[in-house]
Protein chains: 2
Amino acid sequence: MQGCSAEKREKDFTIMQEINKTEKIDLEKDKIDFEKEEFRIILNSRSQRVTSPRIKILKILKSNHKPLTIAEIHSKLSKDKIDLATVYRTLNLFSEIKIVNEIDFKDEFKRYELVYDRHHHHHIVCRKCKSVENVETCILDDLEKLLSKKGYSEITHSLEFFGICKNCSN
Amino acid sequence: MQGCSAEKREKDFTIMQEINKTEKIDLEKDKIDFEKEEFRIILNSRSQRVTSPRIKILKILKSNHKPLTIAEIHSKLSKDKIDLATVYRTLNLFSEIKIVNEIDFKDEFKRYELVYDRHHHHHIVCRKCKSVENVETCILDDLEKLLSKKGYSEITHSLEFFGICKNCSN
DNA sequence: TTTGTTGCAAATCATTTGCAGACGG
DNA sequence: CCGTCTGCAAATGATTTGCAACAAA
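The model shown is predicted, which means the values in this text are computed figures rather than measured ones.

1. Examining the overall build of chain A
Helices and strands together make up the secondary structure of chain A, namely seven helices and six strands. Taken from the N to the C terminus, the helices and strands of chain A come in the order α-α-α-β-α-α-β-β-β-β-α-β-α. Counting only residues that meet the buried cut, chain A has 35% of its 170 residues in that class. Sequence separation of 24 or more characterises 37% of the internal contacts of chain A that already satisfy a separation of 6 or more. Element-wise, carbon and sulfur atoms account for 52% of the exposed surface of chain A, whose accessible area totals about 10,800 Å².

2. Quick look at the protein's contact with DNA strand D
For DNA strand D, the set of nearby residues contains 17 residues, the closest of which are Y88 of chain A together with R49, T51, T86 and R89 of chain B. Per the 4 Å cut-off to the protein, sugar and phosphate atoms form 65% of the nearby atoms of DNA strand D. The contact in question runs from a phosphate oxygen of DNA strand D to an N or O atom on the side chain of N92 of chain A, over 3.1 Å. Separating a phosphate oxygen of DNA strand D from a side-chain N or O atom of T86 of chain B is a distance of 2.5 Å. Taken together, the elements giving at least two residues each to the surface near DNA strand D come down to α5 (84-96) of chain A together with α3 (52-63) and α5 (84-96) of chain B. It is α5 of chain A that provides the largest number of residues to the surface near DNA strand D, a total of four residues. Residue classes in the surface near DNA strand D are distributed as six nonpolar, four polar and seven charged.

3. Description of the sheet that holds strand β1 (residues 68-69) of chain A
Residues and elements named next belong to chain A. The antiparallel open sheet is built from three strands, whose spatial order is β1-β3-β2. Two strands lie at the open edges of the sheet, namely β1 and β2 (100-104), each paired on one side alone. Pairing analysis gives two bridges linking β1 to strand β3 (residues 110-114), with the strands arranged antiparallel. The partner of L68 across the bridge, within β3, is Y112. Sheet contacts for helix α3 (residues 52-63): β1, β2 and β3; angle to β3, the most-contacted strand, approximately 85°.

4. With respect to the pairing of strand β4 (residues 122-126) of chain B
Residues and elements named next belong to chain B. Taking burial as the measure, the five residues of β4 include five buried ones, the bulk of the element. Neither face of β4 is left uncovered, since the one carrying H122, I124 and C126 and the one carrying H123 and V125 both have all their residues buried. With four bridges connecting them, β4 and strand β5 (residues 132-135) associate as antiparallel partners. Residue I124 lies in a different strand from β5, and its bridge partner there is E133.

5. A look at α3 of chain B
For α3 of chain B, with twelve residues, the first-to-last C-alpha span of 17 Å sits near the 16 Å given by 1.5 Å per residue. For α3 of chain B, every residue scored as buried is listed here: R54, I55, I57, L58, I60 and L61 of chain B.

6. Focus on the sheet that holds strand β3 (residues 110-114) of chain B
All names here are of chain B. Taken in spatial order, the three strands make up an open sheet running β1-β3-β2, and their pairing is antiparallel. Looking at strand neighbours, the two that pair on one side only are β1 (68-69) and β2 (100-104), the edges of this open sheet. Sitting on the sheet, α3 is in contact with β1, β2 and β3, with an inclination near 85° to β3. Strands β2 and β3 of the sheet are contacted by α5, whose axis makes an angle of about 105° with β2.

7. Thoughts on the protein's contact with DNA strand C
The environment of DNA strand C is made up of 17 residues, and the closest members are T51, R54, T86 and R89 of chain A together with Y88 of chain B. When the atoms of DNA strand C within 4 Å of the protein are sorted by group, sugar and phosphate make up 67%. Counting only elements with at least two residues in the surface near DNA strand C, the list comes to α3 and α5 of chain A together with α5 of chain B. Element by element, the count of residues in the surface near DNA strand C is highest for α5 of chain B, at four residues. Here the residues of the surface near DNA strand C are counted per class, giving six nonpolar, four polar and seven charged.

8. Focus on the packing of α3 of chain B against α5 of chain B
Helix-helix packing: each pair is described by the crossing angle between the helix axes and the interaxial distance. Residues and elements named next belong to chain B. Running from amino to carboxyl end, α3 crosses α5 at an angle of 70°, the nearest separation of the two axes being 10 Å. One element, α3, and the other, α5, form an angle in the roughly perpendicular class. On α5, the residues that touch P53, R54, I57, L58 and L61 of α3 are T86, V87, T90, L91, L93 and F94.

9. Regarding α5 of chain A
Residues and elements named next belong to chain A. Under the 1.5 Å per step criterion, the end-to-end length of α5 is 19 Å for 13 residues, consistent within 8% with the ideal 18 Å. Buried within α5 we find V87, T90, L91, L93 and F94. In an axial view of α5, the angular spread of the buried residues amounts to 155°, which keeps them on one side of the axis. Across from the buried face of α5, at angles greater than 90 degrees, the exposed residues are R89 and E96. Following α5 by one or two positions, K98 has its phi on the positive side, about 60°.

The rules behind these values
Residues numbered from 1 in each chain as written. Chains lettered and ligands numbered in written order. Predicted model: local features only at pLDDT ≥ 70, side-chain atom pairs only at ≥ 80, totals over all residues. Heavy atoms only, no water. Helix = DSSP H or I, 4+ residues; strand = E, 2+ residues; numbered from the N terminus. Buried < 20%, exposed > 50% of the residue type's maximum accessible area, 1.4 Å probe, protein only. Contact = heavy atoms within 4.5 Å. Areas by Shrake-Rupley, 256 points an atom, 1.4 Å probe, with all protein chains shown as cover. Near = heavy atom within 4 Å. Polar contact = N/O pair within 3.5 Å; in protein donor to acceptor, adjacent residues only side chain to side chain. Nonpolar A, V, L, I, M, F, W, Y, C, P; charged D, E, K, R; others polar. Pairing = 2+ DSSP bridges. Axes fitted to C-alpha atoms, helices over the stretch in contact; angles between N-to-C directions. Expected span 1.5 Å × (residues − 1). Parallel < 35°, antiparallel > 145°, perpendicular 65-115°, else oblique. Arc of directions from axis to C-beta.

Put into structure tokens, the structure is as follows:
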């Protein structure tokens, strides 16, 4: 293909057409390209392939500042025709490589939240409407006081620790 | 039935026979009868019927000082031929009336633990062997220090709050 | 070129449900 | 006796998996 300048020019032109089209539609082009590059680095650094479904799912997780269910992620991908099975496989992968946290809100669905770029935090979930707010502090007493000041009532919490026990360390 | 003394005596005798038989087989009779009475009170006070599957499941939860999965509970009932669906329905009921806590250990199974007679506590779970120890303290920093002194490593935790938000209170 | 990923369709498996008979109060 | 609970069998629905085509490195 080297030296095949006519073809190259035609290709460049096609690319420019593509970019112009994109610019008109998407005013946040620069931000999005930056994100893509960020995701590429994250995946590469963990020896994972950079694929279109993975980037799209990462974008969705990044732009939604609350934990999402598989169904929510999949429906946000509806125009991209990404298979449900791929969504499951991708989120299982992301959990394994620890760039995503799997959260249980005590309903029937698991939720996923991007964590590689965020500091440790928790959530307060409304038992009725399932709305979610982040909780940044980390001492329980202070927390519950804070939450009731914010207007929540009947607060309960669930806290579990996970680790490797003595036996398993050997 | 008043004044029907012959019948009453016969009935009492039958009961005594029953008790003697039980004593020979089960040396912990007193303890178990006490438990049954306790469970009866708990269920009655919440307007729930006292049935044999419910008592058996409560006994299992009471005697196992760690959260159990549905499958574990069901297998401990194997000799009693209690249906799996009944186990599910019973534990959902127990969760609703809040005598049992439903816990997520981030594997595929929900676990259930009796809570009406215990003070609030958490757990530390080994990620490999799934062994469970209770955690009684309740300040996170102290906790994690305590846990690593106990020999756990790579400790993480998961904490979520649940409550009713302002909007839903109206 | 090689290895890993995706889409599709089918399988799996935990959980729920309808119903008829059994049981508790 | 009335209303609820249980066992059974079938349905449901989220999640996983096998496989062939495809894409990334």
